[in-house]
Amino acid sequence: MARLPYMLICAIVLLQGVMAQSSNGLADPQQASTALNQLCTAPATKNLLSCSIRAACKSSLTSSSDPSCSDAVLLTTACKTDAAVASASGACSLVSASCPAGSESSISQCTPVKGLLPTLTLQQNIFNICTAMKMEGCGACPTPIDNSTVASCDVMGTYAQLCTVMPDMSNCKSMSAMCGQSPLPLALAAYCPNVASSQPGSPSTSAFDTTIPEMKMYLHTGITDYVLFKSFVPRTLNQYVGAVVVSIALSIVFFIISAFRKSRLIVHAAYRQTIAKSTFKFWDTKTELYQLENAILRTLEVFVGYMMMLIVMTFNVGLIIAVLAGVLIGSYVFDRSTATAENSNVCCV
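The paragraphs below set out a description of the structure included in this document. It should be emphasised that the depicted structure is a prediction, and the values quoted were computed from it without experimental measurement. (Residues numbered from 1 in each chain as written. Predicted model: local features only at pLDDT ≥ 70, side-chain atom pairs only at ≥ 80, totals over all residues. Heavy atoms only, no water.)

Our next topic: the overall build of the protein chain. Helix and strand counts for the protein chain come out as 13 helices and zero strands. Sequence-ordered secondary structure for the protein chain, helices as α and strands as β, is α-α-α-α-α-α-α-α-α-α-α-α-α. Residue burial in the protein chain is summarised as follows: out of 349 residues, 40% are buried. A fraction of 64% describes how many contacts in the protein chain between residues 6 or more apart in sequence connect residues 24 or more apart. Accessible surface computed for the protein chain: about 19400 Å², of which carbon and sulfur atoms make up 65%. (Helix = DSSP H or I, 4+ residues; strand = E, 2+ residues; numbered from the N terminus. Buried < 20%, exposed > 50% of the residue type's maximum accessible area, 1.4 Å probe, protein only. Contact = heavy atoms within 4.5 Å. Areas by Shrake-Rupley, 256 points an atom, 1.4 Å probe, with all protein chains shown as cover.)

Listed below in structure tokens is the structure:
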């Protein structure tokens, strides 16, 4: 009986040890969060993919409760997928202690987000894309001092944005594979808005600027294209109809300017014939004003012609048809003069 208190104390100590052990490691949300905070605030690792995904998860209430958005899984992803960069951080010691070899199938926190490549690989893809074709978004990621350093930018968001604009580039195959997973991990949904929109529970917001339309350098249909200005990107049917009306009107304006210029040339020619019969003048003010007027009208004509050309260069079939419809109307209504080599030049000079 005298030994009973001693045995009871030992049992309590042992139980406390077991409880403490069970609260350690990735299973403890507080420890996982602290370790991931350490990783995502350090200058060398703050732009790892896991840190960007964590920020995207936090901005979306829908995906924040998904297992792939948990701090434990994202910490594991950083320490395993980006081991070359993250392993130097003390934060990864928690993963090493909690995830022995072969534990991915048995411990959910030890399974990284599927489909992700290392941050340095995606970073190199960004530089390859921007070397092949400069486009909006390329300036977001400055080139680091060496290939083993993560750029000071949102690598994940920048890569997703570039590949949304030019999805057919060879360096975007990784993005296609990542977004092509079925089911798509909700942690990645903010980077795959086109796919995620059809998946239940996906966030409605994107982790990057989706206002930039995809560049299609071939004849295509659809309503989303740049039309002359960066801010003029139709996104609804009504806006697209407005772009069609502008295209038709621009073509008609071209022929209005052209017809007016030709009518003024007749007046100019008549005046020149009048002064030709009179005394020779080295300088005639009215003649020079007529010449200036013709130059201004010709400049406007060429300017509008180039605007028509830029609309055609969107490769949007609907807008091309609109420009041609405007040419048909403008030519029929305003181009009543006898066809000449000059009159047959519709576009530019």
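Taken together, Val 253, Ile 256, Leu 328, Ile 329, Tyr 332, Val 333 and Phe 334 make up a surface patch of nonpolar side chains, about 640 Å² in accessible area. Secondary-structure elements contributing two or more residues to the nonpolar patch are α11 (237-276) and α13 (317-334). Broken down by element, the residue count for the nonpolar patch peaks at five residues, all from α13. Counting through the fold element by element, Ile 256 comes out in helix α11. (Patch = residues over 30% accessible without salt bridge, like charges linked within 9 Å, V, L, I, M, F, W, Y side chains within 5 Å. Salt bridge = Lys/Arg side-chain N within 4 Å of Asp/Glu carboxyl O.)

On to the packing of helix α3 (residues 49-58) against helix α4 (residues 71-81), then. At a closest axis distance of 8 Å, the pairing of α3 and α4 adopts a crossing angle of 160°. Taken as axis vectors, α3 and α4 run roughly antiparallel relative to one another. As for the relative orientation of α3 and α4, their crossing is right-handed in sense. Of the residues in α4, those touching α3 at Ser 50, Ile 53 and Arg 54 are Asp 71, Leu 74, Thr 77 and Ala 78. Its residues assigned to classes, the contact of α3 with α4 shows three nonpolar, two polar and two charged. (Axes fitted to C-alpha atoms, helices over the stretch in contact; angles between N-to-C directions. Parallel < 35°, antiparallel > 145°, perpendicular 65-115°, else oblique. Left-handed = near helix turned anticlockwise from the far one by under 90°. Nonpolar A, V, L, I, M, F, W, Y, C, P; charged D, E, K, R; others polar.)

A few words now on the environment of Cys 179. Considering the arrangement of structural elements, one finds Cys 179 in helix α9 (residues 173-179). In sequence terms Cys 179 and Gly 115 are 64 residues apart; their C-alpha atoms lie 8.1 Å from each other.

Right, let's get into the side chain of Gln 123. Assignment of secondary structure puts Gln 123 in helix α7 (residues 119-132). Of the polar contacts made by the side chain of Gln 123, one reaches the backbone nitrogen of Ala 151; its length is 2.6 Å. (Polar contact = N/O pair within 3.5 Å; in protein donor to acceptor, adjacent residues only side chain to side chain.)

What follows deals with the nonpolar core. Within the largest apolar cluster, 61 residues are counted, with the highest numbers of intra-cluster contacts made by Leu 26, Leu 75, Met 175 and Met 178. Looking at this core, the elements with two or more residues in it are α2 (29-41), α3, α4, α5 (83-86), α6 (93-98), α7, α8 (155-165) and α9. Among the elements that make up this core, the one with the highest residue count is α8 (seven residues). Discounting residues that sit within four places of it in the chain, Met 175 has contacts with Tyr 159, Ala 160, Cys 163, Tyr 191 and Cys 192. (Core = buried A, V, L, I, M, F, W, Y, C linked by side-chain atoms within 4.5 Å.)

In this section: the pattern of salt bridges. Taken as a whole and assessed by the stated rule, the structure comprises five salt bridges. Residue Asp 71 is joined to Arg 54 by a salt bridge in which the shortest nitrogen-to-oxygen separation is 3.2 Å. A residue pair is termed long-range when its members are at least 10 positions apart, and Asp 71 in helix α4 and Arg 54 in helix α3 qualify at 17 residues. Judged by relative accessible area, Arg 54 falls into the buried class, the value being 8%. Note that Arg 298 is salt-bridged to Glu 301, the shortest N-O span being 3.2 Å. Here Glu 301 and Arg 298 lie together in helix α12 (residues 285-312), a separation of three residues that amounts to about one turn. Using a relative accessible area of 25% as the deciding quantity, one classes Arg 298 as partly exposed. Relative accessible area serves as the criterion here: at 2%, Glu 301 is assigned to the buried category.

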